[in-house]
Amino acid sequence: MQIETAHPILFLSGSAPNVSIPDNARRAFVSATSDCLYFGVLSFVDGATVVTVTDQNCESGGTKLFSGSINIPSGVATLSDSSSFRYVNIPVPSGPVSIEIWADDDKNPDWVWVKLGAIRNC
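To start, this report covers the structure provided alongside it. If you're wondering where the values come from, they're calculated on a predicted model, not measured in any experiment.

**Comments concerning the environment of Pro109**
(1) Moving on: Counting through the fold element by element, Pro109 comes out in the loop between strand 9 (95-103) and strand 10 (111-116).
(2) Moving on: Judged by its relative accessible area of 0%, Pro109 falls in the buried class.
(3) Moving on: Linking Pro109 and Cys58, residues 51 residues apart in sequence, is a C-alpha distance of 15 Å.
(4) Moving on: In this view, Pro109 contacts Phe29, Gly40, Val41, Leu42, Thr49, Ala103 and Asp104; residues no more than four positions away in its chain are not counted.

Dropping the structure here:
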């Protein structure tokens, strides 16, 4: 799945209404709590960032900027922005989901690659 972003802050979390937003959001390119991951992108006025969400390793080179996991008890990972717009809901196994993030730049990325540990077929 590929999307172009409208706002400069994206969150990957479960579909629950209340998640723990990282305290250092916007001071680092990427950070996470136990149930929410934040990463920065370019907004549409700056040219937008193309975000790829997949269960495959990065095919575009770049630098790996994050490797960890978040808990998604609902089994639905949601990619949303700072205006609460939900770009995509992704079916994943319930519980901890491993995540790796690559980008071409850690300040003004033209692209970000998000690898989820597994995506369920529905």
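**Structural notes on the sheet that holds strand 10**
(1) Moving on: The sheet built from 5 strands is open, its strands ordered 1-5-10-9-6 with mixed pairing. Single-partner strands in this sheet number two, and they are strand 1 (2-4) and strand 6 (63-72). The average undirected angle you get between the axes of adjacent strands in this sheet is 20°.
(2) Moving on: Here 5 bridges tie strand 9 to strand 10, and the two strands are oriented antiparallel to one another.

**Remarks on the sheet that holds strand 8 (residues 86-91)**
(1) Moving on: With antiparallel pairing, the 5 strands of this open sheet are ordered in space as 3-4-2-7-8. Because the sheet does not close on itself, it has two edges, and the strands there are strand 3 (30-32) and strand 8. Pairs of neighbouring strands in the sheet enclose a mean axial angle of 15°, with direction left out of account.
(2) Moving on: Relative to strand 7 (residues 76-81), strand 2 (residues 9-14) runs antiparallel, the two being bridged by 5 bridges. From the neighbouring strand, Leu10 faces strand 7, where its bridge partner is Asp81.

Criteria and cut-off values
- One numbering rule holds for all chains: residues counted from 1, following each sequence as written.
- Local features in this predicted model are restricted to residues of pLDDT 70 or higher, and side-chain atom pairs are both shown and tallied only at a pLDDT of 80 or more, whereas totals for entire chains, interfaces and linings draw on every residue.
- Only hydrogens and water are set aside; all other atoms, that is, all heavy atoms of the structure, feed into the side-chain values.
- Here a helix means four or more residues in a row that DSSP labels H or I, a strand means two or more in a row labelled E, and each is numbered from the N terminus.
- Think of it in three bands: with a 1.4 Å probe and only protein chains considered, a residue is buried below 20% of the maximum accessible area for its type, exposed above 50%, and partly exposed in between.
- Contacts were defined at the residue level, with two residues in contact if any of their heavy atoms lie within 4.5 Å.
- Note: two strands are recorded as paired if DSSP finds a minimum of 2 bridges between them.
- To obtain each axis, a line is fitted to C-alpha atoms, and for helices this fit is confined to the stretch in contact; angles are then taken between N-to-C directions over 0 to 180 degrees.

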